[in-house]
Each structure stands twice: as C-alpha cells, then as structure tokens.
Amino acid sequence: MPAHDDHAHDTYERLISLLDSSSVAYELIDHEPEGGTEAVCALRGHPASEAAKCIVLRVKVDRRTTRNVLAVVPGDRRVDLDAVRTLYAARYAGFSDAATAERLARSVPGTVLPFSFDADLEVVADPDVVSRPRLYFNAARLDRSLVVSGADYARLAEPRVERIASPAAV
C-alpha cells in the first residue's frame, strides 16, 4: 500500500475520533469512489450548495512570508482568490501545488477535509458553509462521505469565517 494511502487512513481515523469525542451528530455515506464535487453530490443525492469544497491555497504575504490556507466554500461556488489576497493583505494568493496540498491536508485531492490537522494550514470558511443545516464532504476517502451541521463543523474546525466564495464560472 503506498504511503499516501496510510496518510489518508490516519486522517480519516483522526476525523472520526474528533467527531466521536465531541459528541457531534454525523452521518457516514458510502458511495462509488469519486472526488469531483458535482459527481459526488449526485452520488450522495444533494445539491452542490450543501457540499464543502476544500482547496489548499498559497498566500504570499510578503517576500519572506507565505501562509498555507485551506479555503472552504460551498460546492456550487469557487474560491475568490482576490478576496483571500485582500483578507491577508497579501501580494499573491493562488492554488497550492499538489504535493504541498497533499502533505498539509494529509489526504489526496478530491478527499481534502474542511478540517486542518496541520499547524501550518489555517482554515478559512465562507459564512455560507457554516450556516448550512447539513454540510457534506468526502471523509479523507473517495468512497465515503460525511454529513454534519454547519454549526457543529464551525465549533469543531474553528475556521476563520470570511466571505471568500464567488459564483462559479459559467
């Protein structure tokens, strides 16, 4: 088994432990392996607006300071990179490279959680994510998803809540 699969398994176990130890109500949904937001929403049977789309960003504050940000936006929207850049008063905000994203998120693309288990990855969630009565996301696995309330998610993940989503490109 490749090392990154072990990583994902550990991340999944850590998530379930966190939920169980916090007495948070959650639901697990098994489905065909899928990491694309639209496709996995169809498998789970809910609108994309109820999904947490999680993207690892690189934010260059100045020449010496780069921050890693996990942006969490509704599944039917996209990350507004200008909003993130403004939020950090940064010179640049863009997508992290795959290897860095995988290392920080401790899971493969398409399975990134809206939680951070790495001190170098800070979470910023759009208000439309935390306000959801039901929030769906892949549980660090392509074949299993999780549902929690946006309020419970906010309480556990403690994201910085800021307006960082913009309408999806048409």
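Scoring rules and cut-offs
- Residues numbered from 1 in each chain as written.
- Predicted model: local features only at pLDDT ≥ 70, side-chain atom pairs only at ≥ 80, totals over all residues.
- Heavy atoms only, no water.
- Helix = DSSP H or I, 4+ residues; strand = E, 2+ residues; numbered from the N terminus.
- Pairing = 2+ DSSP bridges.
- Contact = heavy atoms within 4.5 Å.
- Axes fitted to C-alpha atoms, helices over the stretch in contact; angles between N-to-C directions.
- Buried < 20%, exposed > 50% of the residue type's maximum accessible area, 1.4 Å probe, protein only.
- Arc of directions from axis to C-beta.

Draft legend 1. Region of the structure containing the environment of Phe115. Tracing the backbone shows Phe115 in the loop between α4 (98–105) and β6 (121–125). Taking the C-alpha atoms as reference points, Phe115 and Pro159, separated by 44 residues in sequence, lie 8.2 Å from one another.

Draft legend 2. Molecular detail of the sheet that holds strand β3 (residues 66–74). Taking strand neighbours across the sheet as the criterion, the five strands line up as β5-β2-β3-β6-β9 in an open arrangement whose pairing is mixed. Edge positions in the sheet fall to β5 (92–95) and β9 (160–161), since each of these pairs with one other strand and no more. Contacts between α4 and the sheet are confined to β2 (52–60), β3 and β6, with β2 contributing the most and set at about 115° to the helix.

Draft legend 3. Structural context of helix α6 (residues 150–157). Gly150, Asp152, Tyr153, Leu156 and Ala157 are the residues of α6 that are buried. Buried residues in α6, looked at end-on, bunch into an arc of 160°, giving them a common side. Phi for Glu158, located one or two positions after α6, is positive at around 50°.

Draft legend 4. View of the sheet that holds strand β8 (residues 144–148). Read from one edge of the open sheet, three strands run β1-β8-β7, paired in antiparallel fashion. Each edge of the sheet is formed by a strand with only one pairing partner; in this case those strands are β1 (27–30) and β7 (135–138). In this sheet, adjacent strand axes meet at a mean angle of 25° when their direction is disregarded. In terms of strand pairing, β1 meets β8 through four bridges, oriented antiparallel. Bridging from a neighbouring strand, Ile29 pairs with Ser145 of β8. Sheet strands touched by helix α2 (residues 37–44): β1, β7 and β8. Its angle to β7, the strand with the most contacts, is close to 115°.

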